[in-house]
Amino acid sequence: MARLAERVAAVSGDGTVYFTHMVAEHGALRVHWTSRSELPQRSALKVEEAVALAEARSLSTCAECGAQGRLFASAFRIFPACKGHQQGTAVPVISGFHDVFLRRGIVRRRSTLERVRYDWASDAFVHAPAENIAKEKRHG
C-alpha cells in the first residue's frame, strides 16, 4: 500500500488522486481511484500502472509475512501465502498464465492492450509476447 501511494504521488503531477475503494477480494487487492481534475492521459496511465502493479503483487505476496507466495484456498477463503504460511490447497493455475496480465498503453497515440508478466523480484511488469504464452500453454 505504501509503495502504491508513493508511485501514485510520483506520477500524478499537479493532479490530486483519491483512492475511493480498496478491498481484498478473492486473494487480490482491488483499488479504485479518481481525480478531481482531469489528469493528462500519460499521467492517468501511469496511475493505472501503479494500481495494476499493486494488484499483481498482492496475488503473490504472503498475507502473513510479505514473502513471495502464491494463492491457496482453505475454508471458503482464497489468500496468498508463502511456503511457511501455506494452508489448504494451492489454487490451480494454467501453466504460463498465472502471472500474465493485460496492461493498457499507448502506441502511436492509440490506446492498446498488451500482455505482460509480473516479475516479483523487480516489482515490475515485463513484456510477454503472445507466441511465448501460447507455447508455454502447449508445453506446460
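What counts as what
- Residues numbered from 1 in each chain as written.
- Predicted model: local features only at pLDDT ≥ 70, side-chain atom pairs only at ≥ 80, totals over all residues.
- Heavy atoms only, no water.
- Helix = DSSP H or I, 4+ residues; strand = E, 2+ residues; numbered from the N terminus.
- Buried < 20%, exposed > 50% of the residue type's maximum accessible area, 1.4 Å probe, protein only.
- Areas by Shrake-Rupley, 256 points an atom, 1.4 Å probe, with all protein chains shown as cover.
- Core = buried A, V, L, I, M, F, W, Y, C linked by side-chain atoms within 4.5 Å.
- Contact = heavy atoms within 4.5 Å.
- Polar contact = N/O pair within 3.5 Å; in protein donor to acceptor, adjacent residues only side chain to side chain.
- Disulfide = S-S within 2.5 Å.
- Axes fitted to C-alpha atoms, helices over the stretch in contact; angles between N-to-C directions.
- Parallel < 35°, antiparallel > 145°, perpendicular 65-115°, else oblique.
- Nonpolar A, V, L, I, M, F, W, Y, C, P; charged D, E, K, R; others polar.
- Salt bridge = Lys/Arg side-chain N within 4 Å of Asp/Glu carboxyl O.

Focus: the overall build of the protein chain
Of the regular secondary structure elements, the protein chain holds three helices and eight strands. Beginning at the N terminus, the succession of helices and strands in the protein chain can be written as α-β-β-α-β-β-β-β-β-β-α. By the burial criterion, 31% of the 140 residues in the protein chain qualify as buried. Looking at the protein chain as shown, the accessible area adds up to about 9500 Å², and 51% of this sits on carbon and sulfur atoms.

Quick notes on the nonpolar core
Nonpolar side chains in soluble globular proteins generally cluster together in the buried interior. Core analysis: the biggest nonpolar cluster contains eleven residues, these being Leu4, Val8, Val17, Leu29, Val31, Leu39, Ala44, Val47, Ala50, Val51 and Ala54. When contributions to this core are tallied by element, the ones reaching two or more residues are α1 (2–11), β2 (28–35) and α2 (41–59). Per-element tally for this core: the top contributor is α2, with five residues. Leu39 has contacts with Ser12, Gly15, Val17, Trp33, Ala44 and Val47, leaving out every residue within four places of it along the chain. Within the second largest apolar cluster, six residues are counted, among which are Leu53, Val116, Tyr118 and Phe125.

Quick notes on the side chain of Arg57
Here Arg57 is to be found in helix α2. Judged by relative accessible area, Arg57 falls into the buried class, the value being 17%. A polar contact is formed between the side chain of Arg57 and the backbone oxygen of Trp120, at a distance of 2.9 Å. Apart from the residues within four sequence positions on either side, Arg57 is in contact with Arg3, Tyr118, Trp120 and Asp123.

What to know about the environment of Ile78
Along the chain, Ile78 turns up in strand β4 (residues 77–81). Not counting residues within four places of it along the chain, the set of residues in contact with Ile78 comprises His26, Gly27, Leu71, Phe72, Ala73 and Val91.

Some thoughts on the state of the cysteines
Disulfide: a covalent bond connecting the sulfur atoms of a pair of cysteines. Under the criterion given, the structure shown has zero disulfides. Cys65 takes part in no disulfide bond, and the closest cysteine sulfur to it belongs to Cys82, at a distance of 3.7 Å.

What about the packing of α1 against α2?
Closest axis-to-axis distance for the α1/α2 pair is 9 Å, and the angle between their directions is 170°. In terms of their interaxial angle, α1 and α2 are classed as roughly antiparallel. Where α1 abuts α2, its residues Arg3, Leu4, Arg7, Val8 and Val11 lie against Ser43, Lys46, Val47, Ala50, Val51, Leu53, Ala54 and Arg57. Residues of the contact of α1 with α2, tallied by class, amount to eight nonpolar, one polar and four charged.

A word on the pattern of salt bridges
By the definition in use, this model includes four salt bridges. It is possible to trace a salt-bridge network through shared partners that takes in Arg3, Arg7, Arg57 and Asp123.

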